[in-house]
Amino acid sequence: MVEEGKVFILIGPPGSGKGTQAKKVSEFLNYSFISTGDVLREEVKKKTKLGNIVKKYMEKGALVPDDLMLKIIKKNLKKKKGIVLDGFPRTINQAKGLDEILKNKSLKIDKVFYLKVKEEEIIKRLSSRRICPKCQSVYNLITKKPKNDEVCDICNLKLIQRDDDKEEVIRKRLEVYNEETKELLNYYKDKILEINGEGNPEEVFEKIRKYL
Ligand code: AMP
């Protein structure tokens, strides 16, 4: 019998630290890591056909349509030992589509981590987030400062703010999260583990690690 690979999913509002924790989980287990936000940002940066389509949704803080997202995830889901998903699924339709895709790939959703963070904390975190335009390293001007003022420690380039980390877009992203993504907590109720996402990334990861 072929052994099934495990899929771990991280769900949480924007700024809950999903990306950071998903990376930590994938490194800890030596699994592959897929961030749909990173995949989309790369397409936008390269100005591909797909990038030009998704840009207008991302700028507004809206979700990219489900059919496009499912095509993207299907293309990126190559079975290795296991997979950690960051930012996908974000709607019930995406979750159902993912179930269909996994059926044919001998991959199985093992656990869904829900990172819970208060709204004031999210706005504070996201408005002080900065990224390197080249290597995409993520910094925070309050909690994870670069060594030199707003410059990437690795590439030495001036850090930038994501367009969708401006306050009005953050509010829209939170609204979308509350209206669409939160429903997933019920969809995955048998697999959900609620994790308090406040505190530093190492402390949060310690809480997750116990379940891996
Ligand atoms: P993230 O980096 O996960 O916060 O994603 C940034 C933006 O990319 C989101 O605000 C959406 O516009 C888009 N996006 C990423 N993942 C998805 C998804 N699963 N479904 C729809 N839109 C997505």
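Residues numbered from 1 in each chain as written. Predicted model: local features only at pLDDT ≥ 70, side-chain atom pairs only at ≥ 80, totals over all residues. Heavy atoms only, no water.

K.L.:
Go over the overall build of the chain with me, naming the residues and quoting the values.
P.N.:
A tally of helices and strands in the chain yields nine helices and seven strands. For 212 residues, the compact-globule estimate of 2.2 N^0.38 gives 17 Å, and the chain sits close to it at 17 Å. In terms of principal-axis extent, the alpha carbons of the chain reach across some 55 × 40 × 35 Å. Counting across all 212 residues of the chain, residues that qualify as buried make up 44%. For the chain, restricting intrachain contacts to residue pairs at least 6 apart in sequence, the fraction spanning at least 24 positions comes to 70%. Surface accessibility of the chain: about 11800 Å² in total, with carbon and sulfur atoms responsible for 50%. Side-chain charges in the chain split into 47 positive and 34 negative, and the spacing between the mean points of these groups amounts to 4 Å. (Helix = DSSP H or I, 4+ residues; strand = E, 2+ residues; numbered from the N terminus. Rg over C-alpha atoms; globule rule 2.2 N^0.38 Å. Buried < 20%, exposed > 50% of the residue type's maximum accessible area, 1.4 Å probe, protein only. Contact = heavy atoms within 4.5 Å. Areas by Shrake-Rupley, 256 points an atom, 1.4 Å probe, with all protein chains shown as cover. Lys, Arg positive; Asp, Glu negative; His and termini not counted. Charge placed at Lys NZ, Arg CZ, Asp CG, Glu CD.)

K.L.:
How would you explain the state of the cysteines if you had to name every residue and give the values?
P.N.:
Enumeration according to the criterion identifies zero disulfides in this entry. Cysteine 155 takes part in no disulfide bond, and the closest cysteine sulfur, belonging to cysteine 135, lies 3.7 Å away. Assessed through its relative accessible area of 22%, cysteine 155 is described here as partly exposed. (Disulfide = S-S within 2.5 Å.)

K.L.:
Any chance you could break down the site of the ligand for me, citing the residues and the numbers?
P.N.:
If you check the shell around the ligand, you find 16 residues, and the closest are Thr36, Arg41, Ala62, Gly87 and Gln94. Here a nitrogen atom of the ligand sits 2.9 Å away from a polar atom, N or O, in the side chain of threonine 36. For the ligand, an oxygen atom lies 2.6 Å from a polar atom in the backbone of alanine 62. Within the complex, the protein chains bury 96% of what would otherwise be the 480 Å² of accessible surface of the ligand. (Near = heavy atom within 4 Å. Polar contact = N/O pair within 3.5 Å; in protein donor to acceptor, adjacent residues only side chain to side chain.)

K.L.:
Describe in detail helix H5 (residues 92-103), supporting the description with residues and values.
P.N.:
Compared with an ideal rise of 1.5 Å per residue, which puts twelve residues at 16 Å, H5 spans 17 Å between its outermost C-alpha atoms and is within 8% of the ideal. Looking only at H5, the buried set comprises Gln94, Ala95, Gly97, Leu98, Ile101 and Leu102. An end-on view of H5 places all buried positions within 165 degrees of arc, on one side of the element. (Expected span 1.5 Å × (residues − 1). Arc of directions from axis to C-beta.)

K.L.:
Would you mind going over a positive patch on the surface in detail, with residue names and values included?
P.N.:
The grouping of Lys45, Lys46, Lys75 and Lys78 at the surface amounts to a positive patch. Tracing the sequence through the fold places lysine 46 in the loop between helix H2 (36-45) and helix H3 (49-60). (Patch = residues over 30% accessible without salt bridge, like charges linked within 9 Å, V, L, I, M, F, W, Y side chains within 5 Å. Salt bridge = Lys/Arg side-chain N within 4 Å of Asp/Glu carboxyl O.)

K.L.:
Before we move on, can you summarise the pattern of salt bridges with the specific residues and values?
P.N.:
Applying the stated criterion across every chain yields a total of 18 salt bridges. One salt bridge in this structure joins aspartate 164 and arginine 173, with 3.8 Å as the shortest N-O distance. As far as burial versus exposure is concerned, aspartate 164 and arginine 173 are alike and both buried. The residue aspartate 165 makes a salt bridge to arginine 173 at a minimum N-O spacing of 2.9 Å. Take aspartate 165 and arginine 173: they sit in the same class, and that class is buried. Each of the salt bridges in this network shares a partner with another, and the network as a whole consists of Arg129, Arg162, Asp164, Asp165 and Arg173.

K.L.:
Can you break down the pairing of strand S3 (residues 82-86) residue by residue, with the values?
P.N.:
Across the five residues that make up S3, a large majority, five, are buried. Burial along S3 is two-sided: the face carrying Gly82, Val84 and Asp86 and the face carrying Ile83 and Leu85 are both buried. Pairing of strand S1 (residues 5-11) with S3, which is carried by five bridges, proceeds in the parallel orientation. Of the residues in S3, the one forming a bridge with lysine 6 is glycine 82. (Pairing = 2+ DSSP bridges.)

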